[in-house]
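# Structure at a glance
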Amino acid sequence: MNPKKIHIGLIGAGFMAKAHSIAYAGMPMFFWPAPAIPVKKMIVDMNEDIARDAKEKLAFEAYSTDWHDIINDPEIEVVDICTPNNVHAEIAVAAAKAGKHILCEKPLALTPEQAGEMYRAARENGVKTMVAFNYRKTPAVQLAKKYIDEGAIGDILDFRGTYLQDWSAHPDSPLSWRFQKSICGSGALGDIGTHVVDMLRFLVGDFKRVNARTATYIKERPLQSGMTDSLGNLRVDQDTPKKAVDVDDQCMFMIECENGAFGSIEATRNAWGRNNYITFEIHGTKGSIYFNYERRDELQVCFADDASNRRGFRTVYTGPNHPYGDGLWPIPALGIGYTETKIIECYDFFRALQDGTEASPNFRDGYAIELISDAILESAEKREWVEVKEVE
Ligand code: SOE
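These notes cover the structure that comes with them. (Residues numbered from 1 in each chain as written. Predicted model: local features only at pLDDT ≥ 70, side-chain atom pairs only at ≥ 80, totals over all residues. Heavy atoms only, no water.)

## Here we look at the side chain of Asp297
The cut-off we apply is this: The helix count covers DSSP runs of H or I at least four residues long, the strand count covers runs of E at least two residues long, and both are numbered beginning at the N terminus. Using a 1.4 Å probe on the protein chains alone, a residue whose accessible area is under 20% of its type maximum counts as buried, one over 50% counts as exposed, and one in between counts as partly exposed. We score Asp and Glu as negative and Lys and Arg as positive, and we do not count His or the chain ends. What makes a salt bridge here is a side-chain nitrogen of Lys or Arg within 4 Å of a carboxyl oxygen of Asp or Glu, nothing more. Every residue pair with non-hydrogen atoms within 4.5 Å of one another is taken to be in contact.
With respect to the helices and strands, Asp297 occurs in the loop between β14 (287-292) and β15 (298-303). For the buried Asp297, no salt bridge exists, and the shortest N-O distance to an oppositely charged side chain is 6.5 Å, to Arg296. If near-sequence neighbours (up to four positions away) are discounted, Asp297 is found in contact with Val316, Tyr317, Thr318, Ala333, Gly335 and Ile336.

Structure, rendered in structure tokens:
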């Protein structure tokens, strides 16, 4: 068994570059025979010191400060976009035109127009895509999908989802790119709310209309110099100039799905005490499912057909008998982490390249989620239900 080597060019050397680089190294170690051996050929960052450092730390063969070097390298087959959101579209369209497959961080773009352009460029040039909504790759979330598809909880009636963090709750948490609309598109909604939208769309079905409210609690924040993303861990001194925040700190919305199910999602980065609190609960005619990413080895399920004196939520620990179990750890509850979700994402992407199938979630899904986000923002402004537009 001699898997094909596929050369990668990765753009943006921050937190996500680390996660993706570990996934490239780890994927063949978990999933063997691997669909491909990723070769970390070039890493790009606008800041030369960061790029040089990242080459060493993340074990790339070369570095550059210009992403066109990746597009112009004929050996590179996969472009991995880990930059802030405002440059996803330009890079992805150039990569697609150069015939390169694309893995892009979430959310896909700043606007549905950009996302649509990315989706069409990939389709017209016949390249494969993936958008990095990694949490749906958690084995427990995949197990929830399996139960739902098997009818184990019957027809879905309703659902609720949350993504709560607290890293931006402090007013001195600086104004990084994640608080500037021109760079991020939206705040808590695009950054974390879209992860839950992706999971619930995957589990429950397409969203038809939404009714949303958003809030910006901290109206201005101290400026953070450079593009480094401190994720709130940096406290600036009192003399640092402040600038207005023009995105949401929090969003809450109700959803009606095409299949009649209805639900709600809330996302905030200002919930003191919450860290990566991604949860969902889904109620069906024959049972319920509950998941909390902070206990991500576990899926809680209740089946209505259980004897009434035994009925109640039980905890299933994911392991070898569950989705991706063949490649992961041999005993349930040894521990699934953020890294494993990224490794599974990487595995699914390279499997799609090997088989010629579409990866999931791909640019079509990323585009659909941009249309949902757009409807959410419009609804919050108009304070009324807004229909979600269809992918063109
Ligand atoms: C910050 O809120 C952040 O890094 C998100 O951007 C990621 O998508 C999430 O996985 C962790 O939190």
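So, next bit.
## Some points on the sheet that holds strand β4 (residues 76-81)
Inclusion rule: For two strands to be treated as a pair, DSSP must find no fewer than two bridges joining them. What counts as an axis is a line fitted to C-alpha atoms, over the stretch in contact for a helix, and the angles between N-to-C directions run from 0 to 180 degrees.
Reading across from one edge, β3-β2-β1-β4-β5-β6 is the order of the six strands in this open sheet, with parallel pairing throughout. If you trace the sheet from one side to the other, it starts and ends with β3 (62-64) and β6 (129-131), each paired once. Along the sheet, successive strands turn relative to each other by an average axial angle of 25°, direction set aside. Of the pairings in the sheet, the one linking strand β1 (residues 5-11) to strand β2 (residues 37-44) comprises seven bridges and is parallel in character. What sits directly across from His7, in β2, is Val39.

## Describing the sheet that holds strand β7 (residues 156-164)
By way of backbone hydrogen bonds, the strands of a sheet pair with one another, either parallel or antiparallel. Judged by pairing direction, the sheet is mixed, and its nine strands sit side by side in the order β16-β15-β14-β13-β7-β12-β11-β8-β17 without closing on themselves. The sheet is open, and its two borders are formed by β16 (314-317) and β17 (386-387), each paired with just one other strand. Here strand β11 (residues 250-257) pairs with strand β12 (residues 262-268) via seven bridges, running antiparallel. Residue pairing for β12: Cys251 is matched across the bridge by Ala267. Running at roughly 155° to β7, helix α8 (residues 188-204) makes contact with β7, β8 (207-215), β11, β12 and β13 (277-284) of the sheet.

## Digging into the pattern of salt bridges
Scanning the entire structure with this criterion turns up 25 salt bridges. Two residues, Lys145 and Asp149, come together in a salt bridge whose shortest N-O distance is 3.6 Å. Highlighted residues: Lys145 and Asp149, both in helix α6 (residues 139-149), separated by four residues, approximately one helical turn. Judged by its relative accessible area of 55%, Asp149 is exposed. Among the salt bridges present, the one from Lys146 reaches Glu150, with a minimum N-O distance of 2.7 Å. For Lys146, a relative accessible area of 41% gives the class partly exposed. Several salt bridges share partner residues, and in doing so they unite Lys106, Arg178, Asp191 and Arg269 into one network.

## A few points about the site of the ligand
Stated formally: Nearness here has a simple test: a residue counts as near a molecule or strand if at least one of its heavy atoms is within 4 Å of that partner. Definition of a polar contact: a pair of N or O atoms within 3.5 Å, with one able to donate and the other able to accept a hydrogen when the atoms are protein atoms, and with sequence-neighbouring residues admitted only if both atoms are side-chain atoms. Calculation of accessible area relied on Shrake-Rupley with a 1.4 Å probe; when residues are assessed, cover is drawn exclusively from the protein chains displayed. Residue polarity follows a fixed list, in which Ala, Val, Leu, Ile, Met, Phe, Trp, Tyr, Cys and Pro are nonpolar, Asp, Glu, Lys and Arg are charged, and the others, Gly among them, are polar.
In the vicinity of the ligand, the contacting residues are Phe15, Lys106, Tyr135, Tyr163, Gln165, Trp167, Arg178, Asp191, Ile192, His195 and Leu231. In this structure, an oxygen atom belonging to the ligand sits 2.5 Å away from a side-chain N or O atom of Tyr135. Taking Arg178, its side chain carries an N or O atom lying 2.7 Å from an oxygen atom of the ligand. Coverage of the ligand by the protein chains reaches 93% of its 310 Å² of free accessible surface. In terms of residue count, α8 provides more of the shell around the ligand than any other element does, three residues in total. A per-class count over the shell around the ligand returns six nonpolar, two polar and three charged.

## Side note on the pairing of β12
Alignment of β7 against β12, held across seven bridges, turns out to be parallel. Bridge pairing links Thr162 to Glu266 in β12. The antiparallel hairpin formed by β11 and β12 contains four residues in its connecting segment, where Gly260 sits at a positive phi of about 95°.

## Things to note about a nonpolar patch on the surface
Put simply, the rule is: The patches described consist of residues with a relative accessible area above 30% and no salt bridge, like charges being joined within 9 Å and nonpolar side chains (Val, Leu, Ile, Met, Phe, Trp, Tyr) within 5 Å.
A cluster of nonpolar side chains, namely Trp329, Ile331 and Leu334, defines an oily patch on the protein surface of about 310 Å² accessible area. Within the element layout of this structure, Ile331 appears in the loop between β16 and α9 (338-355). Ile331 sits in the exposed class, given a relative accessible area of 51%.

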